[in-house]
Structure formats: C-alpha cells, structure tokens
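Okay, here's what each chain looks like letter by letter:
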Amino acid sequence: MKKLLFLCCLPLQLLAQFSNENIAIWQQQAQRITIIRDNWGVPHIYGKKDADCAFGVMYAQCEDNYRQLEETFIPALGRAAELYGEGRLQNDVSVALFECVKRAKNDYAKASSLVKELCNSAAAGINYYLYKHPDTLRRLLHYYEPWFFLLPGTDNPSGHGISSAEVRSYNNTILPRTEGEGEDNGIEERENGSNTMAIAPAKSASGYSMLLINPHVNFFGNGQRYECHLISEQGLNVSGFAIFGNFYIWSGFNAYSGWAHTNSGVDFTDVYLERFDHPTDATQYRYGNSYRRATVWYDTVHYKTPTGMQSKVVLLRKTHHGPVVAKRDSLLVTIKNVTGAQSSYIEQCWKMCRSKKLKQFVAAMNKRALGYPNTMYADRYGNTAYWHGNAVAKRSTQFNWRFPVDGSDPATEWKGLHRLKDIAHVINPASGWIQNCNSTPYLAAGAVSSPQQSGYPAYMAYDKHIFRAVEAVRLLSAPEKISFTDFEKLVVSNHLPMMAAWLPQILPAYDSLAAVSPALKEKLSAVADTLRRWNCRYALNSKATSIAVMWYLQYDGWNRNQPRQTATDDNATDLQGNELPMPGTVAVDLLGKATETLIARFGTAFVNWGDINRLQRVEGSPERFDDNKPSWPVAAVPSPLGSLFAFGNGQTRGQQKFYGARGNTYTSIVEFGPRIRARSILYFGQSANPASPHYLDQAPLYVEGKFKDAWFYKEDIVKHAERTYHPGE
C-alpha cells in the first residue's frame, strides 16, 4: 500500500517512463552494488560486474550534485535555451549543426555489447536515483537515455585563425549573441591547463615510480571533476576522477599502473575554405575539377521567453569535410575533427583502466580514439611514458595546417592516422622523469632525453615551453632523488619563473626612467623596492605577490589587445620565454597602472596577497561571490606566471577581492610500490549540499597546498568508512 501511495505522488511524466519492469530491474541491480563512503565522502563503488560500477557511480554523482549532473547534459543535448533563454541559442544551434544527438543515437546502435551495457547501467543509475528521490528538482530532464553518454562535442575554428566576426557573419547557422542567464554565465570557459609528471625509480628515493594527476579546469559549471573508486568482481579496480556526467575514470590509477591527461597543441582539427561558386546550384561546392553537393537541412531550436516557449528554424549545411561554421569573404568555412565515436573513446578508456603493464596500456592507446589529449603513464614495474596526443591525422607537409586550407584541393585530404609509435612520445627516458604542463613535448624529459623536434611534422605539436613547464623542468632536473613527501611539496611549488625571468629586466627599465622623471620615481619607488626585495615566490603575507599579479593582469589585458602578425597568433606566445616580450617603457607603464589599480581598489599599493586572493564556494555565476561571506585566503596565483598550483580569478563584478574560478581541481600523487600509496585533494569537497559535512571539508587543506589520503585497499576503506549502503537505501 505504501508503495502504491508513493507511485501516486510521482508526476505523470515519470510514471510513464519508470515502468514497473524497469523499477524491478533497477532494484535487482542496486542489490548487487555496495557504496562505501569514506571519511571524506568519496564513494568506493563495489559491484559484481563492471556495469554495476557504472550504475553506482552515476547514482553517487546524483547524490552529491544532481543539479550539476543535469546541467552537464542539458547543453550537450542542445536544450540550454529551453532553460536559460535566447542567449543560449548559440550553443543549441551548434549542437544541431554538429548533429550531436543523431550521432549519439547512431553510435549507440552500433556500439559493442560492453559499451551498451555500461551506458544502459549508467542511465539506470540516474533514473533509479530520480525514482527513489521524487522531490529532487528536475529543471528540464526527467528521464536519461543510454545514448546520452555518447554525445559528441562541437568544434570551434578559432584555433585556426578564423575570427569571431567571421563566425558571426555566417548568419544562417550563427544566431545573434545576447546575454542570457545560465549556470556558468560570466565564468571564463577556458582551461588554464593541466600538469602531469612521472618519476622513474632511478629518480625516486623509494625506488618506486610516481605519478602526478593535476587537471586545471573551471570550479563552477560543466567539466567539474568527481573523485571516485570503481571495483568489480570482473577485475576492475581503478581510482581517480571522472568528469561529471561520465561513468568512466578519465585520469587515475589501479594497483599496477596509472595515467593522466593534459590538453595539447597537437592539431586534431582542420579548417577548410569551401567555394560554393556553382553557376546554377548554390548547394554545390568546388572540389578538384568538378563540384560536390553539400548536405543542406533545416532544424528547429527552442528557447524560453517571458511569455512562453518559442522556436526558430535554422538552415544548416555540411560538406564532406564537416559542418559549415563561418564565412570568410565569399568562402564558407568547414571544420573537421579527427576524434572518433564516443563509444570507441569509452572502450579505450576502459582498457586503460584495466591495464596492468606497459604493453597492455600501449595496446589500449593503439586504439587511437582519444584525439587531442596528451597521456602520461607510470607503473609498478618502473616504466614511465608519455604520448603527445593520440589520434593524429596524416597530412601533406606542403600546407600550413594552422591556417585554413583550400577545401577544393584534393591534396588537403587526410591520409588516415599516424601510428602510435610515430607520434611525439618518450618511453623510459634516461633523465628519469617526464613532465607536461600543456607544453612542448620536445622538452618533456629534458633537453637530452626528449623527442627531437626535427623528427616530426609541425602539426604534431604547436605547444610552447611555457612557464609552468620551465618550473617543472627546473625542479625535476635537480640532482637529488625525490621522495613521496618531496613530490607532494614539489607539485605545489610557489616559485614564479615569469617574475624570476622578467623582473630583472623591468626594474632596470624603471631605474632608467625614474632617473629622469621625479614624478615616476615618487609614484613607483616604494613599489620597485618591494619587488627588488622579493624572492619571486608567492605567499599569503607577500605584498610583492599582490603587485606582481596585478602587473601580470595589466600585461595580459595589454597583450590581448596587440595586433597579431598572423591570424593564428595568440597571447600564449607572449607568456613564455626569458626575454621580456615588450619594451621596458611599456612594462614600467603597466607597473604604474597596476599600482593605480591596487590603490583604487584597496586604498594602498601594499596589500597582503592573502587579503586579496580568496576561495569561496558559490553556486552559479560569479555575481554571487560576496566579500561579506566566509572565504579562505589562497597563496597560489594564475598559472601563466609559472604557478604549478594554478589558481585563476573569476570576473569580479562589484566585489573588492579576487575569487578563484578555475585552476587546480582534483590533484593526486601516486606511488607504485608493491602497495599503492596515494594522496589527493579537491578544491571544495565531495558534496554540493551545504548541509553535508563534505561540502567544504577539503578546502582548508586545498588552500594550503596539502593533500588527504586516497584510500585504495578495502581494509583501509572499511576502517575509514562513514556509510555503507546499496543504491536506493
């Protein structure tokens, strides 16, 4: 009777989806799954089969932050404007243009039995949570389909020199941009980057390999990292992080090996200029000595308005290269991506999770479904390895692939994929260490042990040797062996190589100018003296850190407004190198502006960095940061200065202080001895529920650059267990 009353209380839409048959199947599967929450709230998912782990981890994500899980899928489905209004139509049109929903459904239909079983169970885990928690707010989605997990992303041509104006000029596919509401509106949607390092036994004080996993992403909105541990009786036992809304470990470790990813500059998309110049048929484009017909179709996107739901019909088209995304003069611009179907992506990730030895891991990597991510590897047998990218298309070297190429020229077609052994990589280098900080692979293991740039085409790696990589190489090149405790401190080094390289050039420039300008000397002498006494290490009580970061922010703004010599130049080019990338007079002028900004904002140029730079948990856009609410002081600074502990500020809107919006998220260090030793940290805590003890419990450690134990063995997990249950209990 109680069950009948419960079902009567559910919305009719849910009753239609949650059939008695489905509910019975979910209940049976839930009984095969045990979730143990440790003393940090991290879920350790035990299941009979691998698919049970997929069910359990999605159920756990719903428990911790269902709102964010739903938020992850809404834009991926092309439905953001239905929730947030016309300002998000651009996203939804892109999803329609790239046929994401159609491709996901087709991918699911053709997927292997393993992938289907995993996706089925993952969807069931979410739906079972919604069934068991009828009061959970559902803003848009009421039922999750297995193919949701196979939704591909969309691509942007800006990395190949196509301007935003050229994107907007293609009015048939690109809608006017307006300011709409949204979970992440106002938070910069770019990754600061990521760090990863591997230490070989010869460099390790214990004689065991070690690995750093350290993604830098947004703290709020989509792409958040979720710490979890998956164990099945089929042999799966992997810990690390999943990207919110996914059921597989993206970077992590098992009892034998571990891996981590960073974003790379390998060319995984190309942009084509298409000539739709047929004299009588506007749907045909030139190819070789003849024409091909484009695929043209209409789609409808829906959006919320104050008076109700409205819709727009948009005209979309694609060539054999890919969707039309922009217009340059009389030419249309298409984009092509090398990344394969999401089902292949998941199969490769699952094999990586299960790999015990380097040979098995290489076999998984040989699937070449990951596309652009770099991959670092270490194992208990002393092996370390690094691959720069994964799927890399073979191209003719007669073209500069950083620029759009002529789509009518058959010579621009790809010639399949490079073999894994032919992309930039290094295995067991003599240096005893490998690093990547979104940087060039040609210094990944030092000047001697790294791959040689001359052996690879330019499109293999456009990355620079940025300041984070400079710091990593400096620390890893020291002659001393590195202990696990040393490694824990090394990966949050507070030394800033940008300032160490550039201040010795800025200060003499100031001295020369101040010698002939009493006004400049009066304005900046105390500021210059403060920087002169500084050791180029950030600290909470450092006034020089405040001045240096404010100078960097002024420089970054100035640099972004400089004309570029080529369309593919970006400001990252000027965020590396020992030479000051500007005249000394400009650097001093920016120092003056930094000083003025500090005085205007804080009443003085001399403010402790910890009084400015804060960590605060808010839900949604940065307008909600509040100087009057609790926050933690953070010593770390934005990563372009070379800060391995990356902490980037959000766009402040009326707040006096700076608040972190991106940077170090999940960070873990792992030692691969006979018994795994691992420590990790999240930036807030495991749960998004303010009433949970795990809402902010990791923040005090995070702000100090410290870690917690990451329990891996069941005896340790049980010893530190906070709650043990089956999903639904």
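This section reports on the structure supplied with the text. Just so we're clear, the structure is a prediction, and the values are computed from it rather than from any experiment.

Points about the overall build of the chain
Regarding its fold elements, the chain presents 21 helices and 28 strands. Taken over the C-alpha trace, the chain has a radius of gyration of 26 Å; the compact-globule value for 729 residues is 27 Å, and the two agree within 12%. Here the C-alpha coordinates of the chain stretch approximately 85 × 75 × 55 Å along the principal axes. A burial count over the chain gives 59% of its 729 residues as buried. Taking the contacts inside the chain whose residues are at least 6 apart along the sequence as the reference set, 69% of them involve residues at least 24 apart. When the accessible surface of the chain is totalled, it reaches about 28,600 Å², and 50% of it is carbon and sulfur.

Here's the deal with the sheet that holds strand 14 (residues 324-328)
The four strands are arranged 14-15-9-18 in an open sheet whose pairing can be described as mixed. Strands with a single pairing partner mark the edges of an open sheet, and in this sheet they are strand 14 and strand 18 (405-406). Sheet topology places strand 14 next to strand 15 (residues 331-337); four bridges connect them, and they run antiparallel. Bridging from a neighbouring strand, A326 pairs with V333 of strand 15.

Quick look at the sheet that holds strand 1 (residues 33-38)
Strand order in this open sheet of 10 strands is 19-17-16-8-7-6-5-2-1-28, and the pairing throughout is mixed. One side of each edge strand has no neighbouring strand; the edge strands of this open sheet are strand 19 (425-427) and strand 28 (721-725). If you compare each strand with its neighbour and ignore which way they point, the axes differ by 15° on average. Pairing analysis gives two bridges linking strand 7 (residues 251-253) to strand 8 (residues 257-262), with the strands arranged antiparallel. Paired with G252 across the strands is W259, a residue of strand 8. Against the sheet, helix 10 (residues 342-354) touches strand 5 (225-232), strand 6 (237-243), strand 8 and strand 16 (374-379), its axis set at about 140° to strand 8.

Re the packing of aromatic side chains
Each aromatic ring pair is summarised here by two numbers: the centre-to-centre distance and the angle between the ring planes. Tallying each qualifying case throughout the model produces 47 aromatic pairs. The residue whose ring lies beneath R292 is Y287, and the NZ or CZ to ring-centre distance is 4.2 Å. Its guanidinium or amino end placed over the ring of W414, K336 lies 4.3 Å from that ring's centre, counting from NZ or CZ.

Some details on the environment of F18
Mapped onto the secondary structure, F18 falls in the loop between helix 2 (12-17) and helix 3 (20-31). For the pair F18 and Y128, spaced 110 residues apart in sequence, the C-alpha to C-alpha distance is 8.6 Å.

So, how was this worked out
Residues numbered from 1 in each chain as written. Predicted model: local features only at pLDDT ≥ 70, side-chain atom pairs only at ≥ 80, totals over all residues. Heavy atoms only, no water. Helix = DSSP H or I, 4+ residues; strand = E, 2+ residues; numbered from the N terminus. Rg over C-alpha atoms; globule rule 2.2 N^0.38 Å. Buried < 20%, exposed > 50% of the residue type's maximum accessible area, 1.4 Å probe, protein only. Contact = heavy atoms within 4.5 Å. Areas by Shrake-Rupley, 256 points an atom, 1.4 Å probe, with all protein chains shown as cover. Pairing = 2+ DSSP bridges. Axes fitted to C-alpha atoms, helices over the stretch in contact; angles between N-to-C directions. Phe/Tyr/Trp six-rings, centres within 6.5 Å; stacked < 30°, edge-to-face > 60°. Lys NZ or Arg CZ within 6 Å of the ring centre and 35° of its normal.

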